[in-house]
Amino acid sequence: MASDVTLDLNGFTLDGFTIDPFETSGLLSNDTLNGICASGEVRNITVRNGVIRDWGEAGIDLQDATGSRVENILAASCGESGIYVGEGAVITGCVGESNGGLGIRAFTGSVVTNCTARSNAFAGINVGPASLVTHCVAFQNGDGFQFGDGSTVTECTSRSN
């Protein structure tokens, strides 16, 4: 993925499961890694308006990118993190649900606002140092919220973690 790219899913779903024609039970199998992934030194990637589910690792993996935005995404049932972004990211209006690791994870200097994390195996929302988390809800996760040093948390709710 290149810098300065916007991926608008327009309400569509990126589903990581594929039908295995050799599976006698008729079940789906997951043989994929990340739904959306950026590697290398890239900046300003935006992903918005859709569902990303059932990926073997992360639904969205932008950990190597800086200044990314993730907006109005449901990231569910991924093997590791639902949404995983690098430094200076903005995540807004997103849901991380039933992931095998973290629901939403952001590095240093990020902003997470109006997000919900539920039923994730580890933390619902995890941010690095000097980040802001506001108007978020975390429930039924391993841990509700995890914050780095110097982070600010306002008007959030954590329950049954």
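Parameters at a glance
Per chain, the residues get numbers from 1 upward, laid out in the order the sequence is written. Totals for whole chains, interfaces and linings use all residues, but because this is a predicted model, local features are given only for residues with pLDDT of at least 70 and pairs of side-chain atoms are given and counted only at 80 or more. With hydrogens and water set aside, each side-chain value is computed from the structure's full complement of heavy atoms. Helix and strand assignments come from DSSP, with helices taken as H or I runs of at least 4 residues and strands as E runs of at least 2, each series counted from the N terminus. With the radius of gyration taken over C-alpha atoms, the globule rule is written as 2.2 Å times the number of residues to the power 0.38. Only heavy atoms enter the contact rule, under which two residues are in contact if any of them lie within 4.5 Å. Methods summary: accessible areas were calculated by the Shrake-Rupley approach with a probe of 1.4 Å, and residue burial reflects only the protein chains presented. The sign given to each residue is positive for Lys and Arg and negative for Asp and Glu; His and the chain ends receive no count. For charged residues, the charge sits on one atom: NZ in Lys, CZ in Arg, CG in Asp, CD in Glu. What makes two strands pair is DSSP finding at least two bridges between them. Think of a nonpolar core as a cluster: buried Ala, Val, Leu, Ile, Met, Phe, Trp, Tyr and Cys residues, connected wherever their side-chain atoms sit within 4.5 Å. For the exposure calls, accessible area comes from a 1.4 Å probe over protein chains only, and a residue counts as buried if that area is under 20% of its type's maximum, exposed if over 50%, partly exposed in between. Think of it this way: a Phe, Tyr or Trp ring, Trp meaning its six-membered ring, pairs with another when their centres are within 6.5 Å, and the plane angle makes it stacked under 30 degrees, edge-to-face over 60, tilted otherwise. Whenever a pair of cysteine sulfur atoms sits within 2.5 Å, that pair is classed as a disulfide. Any Lys or Arg side-chain nitrogen found within 4 Å of a carboxyl oxygen on Asp or Glu counts as a salt bridge.

Asker: Looking at this model, I keep getting lost on the overall build of the protein. Mind explaining?
Answerer: Within the protein, the regular secondary structure consists of 0 helices and 20 strands. Relative to the globule expectation of 15 Å for 161 residues, the C-alpha radius of gyration of the protein, 15 Å, shows essentially globular dimensions. Summarising its shape, the C-alpha atoms of the protein cover approximately 50 × 40 × 25 Å along the three principal directions. Taking the intrachain contacts of the protein between residues at least 6 apart in sequence as the baseline, contacts between residues at least 24 apart amount to 24%. For the protein, the computed accessible surface area is about 7,500 Å², with 49% contributed by carbon and sulfur atoms. With 7 positive and 18 negative side-chain charges, the protein shows a spacing of 9 Å between the two charge centroids.

Asker: Sorry, what's going on with the sheet that holds strand S5 (residues 36-37) here?
Answerer: Think of a sheet as strands paired side by side through backbone hydrogen bonds, with each pair either parallel or antiparallel. Spatially, S5-S7-S9-S12-S15-S18 is the arrangement adopted by the 6 strands of the open sheet, whose pairing is parallel. With partners counted over all chains shown, the strands left at the sheet margins are S5 and strand S18 (143-147), one partner each.

Asker: I tried to follow the nonpolar core on my own but got confused; where do I start?
Answerer: By size, the foremost hydrophobic cluster in this structure holds 31 residues, and its most contacted members are Ile 60, Leu 62, Val 70, Ile 73, Ile 83, Ile 91 and Val 112. Apart from residues no more than four positions distant in its own chain, Ile 91 is found in contact with Val 70, Ile 83, Val 85, Ile 104, Ala 106, Val 111, Val 112, Thr 113 and Cys 115.

Asker: I tried to follow the pairing of strand S8 (residues 69-76) on my own but got confused; where do I start?
Answerer: The two faces of a sheet get side chains in turn, since along a regular strand they alternate between them. Here 7 bridges tie strand S6 (residues 45-53) to S8, and the two strands are oriented parallel to one another. Among the inter-strand pairings, Arg 48 is bridged to a residue of S8, identified as Glu 71. Taken together, the 3 bridges between S8 and strand S10 (residues 90-92) define a ladder with parallel strand orientation. Within S10, the residue paired with Glu 71 across the bridge is Thr 92. Here S8 runs beside strand S11 (residues 95-97); their pairing, made up of 3 bridges, is parallel. Note on S11: the bridge partner recorded for Ala 75 is Gly 96.

Asker: Would you mind going over the packing of aromatic side chains with me for this structure?
Answerer: Between two aromatic rings, the relevant description is the distance of the centres plus the angle of the planes. The tally for this structure, following the rule as stated, stands at 2 aromatic pairs. Centre to centre, the rings of Tyr 84 and Phe 107 are 5.7 Å apart; their planes meet at 80°, and the pair counts as edge-to-face. On the criterion of sequence distance, the pair formed by Tyr 84 in strand S9 (residues 83-85) and Phe 107 in the loop between strand S12 (104-106) and strand S13 (111-113) is long-range, its members being 23 residues apart. Judged by relative accessible area, Tyr 84 falls into the buried class, the value being 13%.

Asker: Could you clarify how one ought to interpret the state of the cysteines in this entry?
Answerer: In protein chemistry, a disulfide is the covalent bond that joins the sulfur atoms of two cysteines. In the structure shown here, the tally under the stated rule is 0 disulfides. Its sulfur unpaired, Cys 156 is 4.7 Å from the next cysteine sulfur, which belongs to Cys 136. Taking relative accessible area as the criterion, Cys 156 reaches 24% and is therefore assigned partly exposed.

Asker: What is the right way to read the pattern of salt bridges from this model?
Answerer: Side chains bearing opposite charge may pair, as long as their charged atoms lie close to each other. Counting across every chain of the model gives 6 salt bridges. A salt bridge links Arg 53 to Asp 54, with the shortest nitrogen-to-oxygen separation between them at 3.8 Å. Residue classification places Asp 54 among the buried positions, given a relative accessible area of 15%. One salt bridge in this structure joins Glu 71 and Arg 69, with 2.7 Å as the shortest N-O distance. Residue class for Glu 71 comes out buried when judged on its relative accessible area of 14%. The network of salt bridges with common partners includes Asp 8, Arg 48, Arg 69 and Glu 71.

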